[in-house]
Structure formats: structure tokens, C-alpha cells
Amino acid sequence: MLIGSEGIAAAAEKAARFGLDEILTVSAPACANYLALPFAAALSEVINELNPKLVLAAATSTGKDLLPRVAAKYSAGQASDVTQFLPERGYQRLMYAGN
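About the cut-offs
- Residues numbered from 1 in each chain as written.
- Predicted model: local features only at pLDDT ≥ 70, side-chain atom pairs only at ≥ 80, totals over all residues.
- Heavy atoms only, no water.
- Helix = DSSP H or I, 4+ residues; strand = E, 2+ residues; numbered from the N terminus.
- Buried < 20%, exposed > 50% of the residue type's maximum accessible area, 1.4 Å probe, protein only.
- Contact = heavy atoms within 4.5 Å.
- Patch = residues over 30% accessible without salt bridge, like charges linked within 9 Å, V, L, I, M, F, W, Y side chains within 5 Å.
- Areas by Shrake-Rupley, 256 points an atom, 1.4 Å probe, with all protein chains shown as cover.
- Salt bridge = Lys/Arg side-chain N within 4 Å of Asp/Glu carboxyl O.
- Phe/Tyr/Trp six-rings, centres within 6.5 Å; stacked < 30°, edge-to-face > 60°.

Participant: Could you give an account of the side chain of S5, with specific residues and numbers?
Facilitator: Along the chain, S5 turns up in the loop between strand 1 (2-4) and helix 1 (8-16). By relative accessible area, which is 14% here, S5 ends up buried. Not counting residues within four places of it along the chain, the set of residues in contact with S5 comprises S27, A28, P29, C31 and A32.

And the structure:
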């Protein structure tokens, strides 16, 4: 999923080159530049509509700022810097990952 405003279609086209099955885009003037609240609202709308079991984001400063906010809204767990998913719903992460 890509969140932004102007240029979101071009970003989706570039992302499609990586062989993704589906690319969701959310375009809103309030999402022209990253601010946690508008992006959290946009992501929450998509979560409400699609009801996913898992939401992933890159381990960037944006991902580490956005996902804990959204997880708290849904009383869901959140883990940063996951490097591997393990059987039985487990995961592995860096020992000194920070957050």
C-alpha cells in the first residue's frame, strides 16, 4: 500500500515493476508529506475496509512511527525490526533493534 498525494500513481507504477500482485494506493492532500496522524487515519481506513490479519511496514523511521500508533488504535501487538517469521506465529528480531 502506498500513501501520498501527487505522484502516487507514478510510485505505484514503479512498485509494480517488482512483481507485486496488488498495489493499493491512498491519495489525499493531507498526505503530501509524512505526518503521523493523517497517515494513521489513511491506514486505519484501509484496515477497516480489508480487515487484514497482518500489517507490515519497512523498518524505517516512518514505519516505526506509524505502525505503533495504528496498532494502539486496534489494541494490537507491534514488533519492530523483524528479520524472520517462525512457525506457530513466532518471529525473530535483532537483539539490539531499538524502537
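Still more ground to cover, so stick around.
Participant: Mind laying out a nonpolar patch on the surface, listing which residues take part and the relevant values?
Facilitator: Residues L54, L56, V82, F85 and Y91 make up a contiguous nonpolar surface patch of about 520 Å² in total accessible area. Within the fold, V82 resides in strand 3 (residues 82-86).

Participant: How would you sum up unusual backbone geometry? Please name residues and give values.
Facilitator: In this model, N51 sits at a positive phi of 50°, which is unusual for a non-glycine residue. In this fold, N51 is placed in the loop between helix 2 (36-50) and helix 3 (61-73). At D81, a residue that is not glycine, the phi angle is positive and equals roughly 55°. Turning to its location among the elements, D81 is positioned in the loop between helix 3 and strand 3. Residue D81 is classed as buried on the basis of its relative accessible area of 14%.

Participant: An account of the packing of aromatic side chains is requested, with residue identities and associated values reported.
Facilitator: Tallying each qualifying case throughout the model produces 1 aromatic pair. Ring plane angle 75° and centroid distance 5.0 Å describe the contact between Y34 and F39, whose orientation is recorded as edge-to-face. Relative accessible area serves as the criterion here: at 28%, Y34 is assigned to the partly exposed category. Relative accessible area serves as the criterion here: at 9%, F39 is assigned to the buried category.

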